[in-house]
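Structure at a glance
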Amino acid sequence: MTSSKISLGAINMTAENPQAQATFWSAVTGNEISGGGDSFYLAPNGPDGFGMFFQPSSEPRLQSQDSHMDLTVPWGSRAQEVQRAIDLGATHQWDVLEEHEHVQWTTLADPEGNLFCIAEHPPVH
């Protein structure tokens, strides 16, 4: 069996205000903004990072969201990172802290209402 060389290159999102979304996500991820006009790209901030691309939406926002990002932070830093995201403009939705022994997470919404999670995994002993 051969191992896959597939990795996440970028997440592409439509937005009512692509520049504002790029600014929010740049602050959350530390990725630099490039582009201009009506589309903005956040280049990966390292070899294990991922890019993000924001372009204008041509249709109204859907009422349901088929997928969302799970962002992982080091064990013990989830609450601090959640608060940082809220300070940047995210909205707290809910916490899942005791339901699963292998992960804790907080679900947030970005300024345009897109859900994302900040998760932490306990150290393996």
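Please refer to the structure higher up on the page.
What this report covers is the structure whose coordinates are included nearby.

Here is what the cut-offs are and how they apply
Residue positions within a chain follow its written sequence, with the count starting from 1. Only residues with pLDDT of at least 70 get local features here, since the model is predicted, and only at 80 or more are side-chain atom pairs given and counted; chain-wide, interface and lining totals rely on the full set of residues. Hydrogens and water molecules were not included; the side-chain quantities draw on all heavy atoms of the structure. Helix and strand definitions follow DSSP, with helices as H or I runs of at least four residues and strands as E runs of at least two, each counted in order from the N terminus. To sort residues, take the accessible area from a 1.4 Å probe on protein chains only and compare it with the maximum for the residue type: under 20% means buried, over 50% means exposed, and anything in between is partly exposed. The contact criterion used throughout is that any non-hydrogen atoms of two residues lie within 4.5 Å. Strand pairing is assigned whenever DSSP detects at least two bridges linking the two strands. Fitted lines through C-alpha atoms give the axes, limited to the stretch in contact for helices. The angle between two N-to-C directions lies from 0 to 180 degrees. Ring pairs are drawn from Phe, Tyr and Trp, using the six-membered ring of Trp, whenever the two centres fall within 6.5 Å, and their geometry is named by plane angle: stacked under 30 degrees, edge-to-face over 60, tilted for the rest.

Overview of the environment of alanine 22
Within the fold, alanine 22 resides in helix α1 (residues 18-29). Here alanine 22 falls in the buried class, since its relative accessible area comes to 0%. With near-sequence residues (within four places) excluded, alanine 22 lies in contact with Ile33, Phe40, Leu42 and Phe54.

Remarks on the sheet that holds strand β1 (residues 10-15)
Ordered in space as β1-β4-β3-β2, the 4 strands form an open sheet in which the pairing is mixed. Taken across any chain shown, the strands that pair with only one partner, and hence form the sheet edges, are β1 and β2 (33-36). Ignoring which end each strand starts from, the neighbouring axes of this sheet average 15° apart. Helix-sheet contacts for α1 involve β1, β2, β3 (39-42) and β4 (51-56), and the interaxial angle to β4 is about 165°.

Comments concerning the environment of glutamine 21
Within the fold, glutamine 21 resides in helix α1. Sequence-wise, glutamine 21 and phenylalanine 40 are 19 residues apart; in three dimensions their C-alpha atoms are separated by 9.0 Å. Apart from the residues lying within four places of it in its own chain, the contact partners of glutamine 21 are Ala15, Phe54, Asp110, Pro111, Glu112 and Asn114.

Looking at the sheet that holds strand β5 (residues 69-72)
With respect to topology, 4 strands assemble into an open sheet ordered β5-β8-β7-β6, the strand pairing being mixed. Taken across any chain shown, the strands that pair with only one partner, and hence form the sheet edges, are β5 and β6 (91-96). Averaged over all pairs of adjacent strands, the angle between their axes in this sheet comes to 25°, without regard to strand direction. As paired strands, β5 and strand β8 (residues 115-120) are joined by 4 bridges and run parallel to one another. When the bridges of β8 are listed, leucine 71 appears paired with isoleucine 118. Relative to strand β7 (residues 104-109), helix α2 (residues 78-88) is tilted by about 0°, and along the sheet it contacts β6, β7 and β8.

Side note on the packing of aromatic side chains
Counted by the stated rule, this structure contains 3 aromatic pairs. Relative to tryptophan 25, the ring of phenylalanine 24 has its centre 5.2 Å away and its plane inclined at 85°; by these criteria the two rings are edge-to-face. This pair shows no difference in class: phenylalanine 24 is buried, exactly as tryptophan 25 is. Taken together, a centroid distance of 4.7 Å and an interplanar angle of 65° make the contact between tryptophan 25 and phenylalanine 116 edge-to-face. Taken as a pair, tryptophan 25 in helix α1 and phenylalanine 116 in strand β8 lie far apart in primary sequence, 91 residues in all. Using a relative accessible area of 1% as the deciding quantity, one classes tryptophan 25 as buried. An aromatic cluster of at least three residues, connected via ring pairs, comprises Phe24, Trp25 and Phe116.

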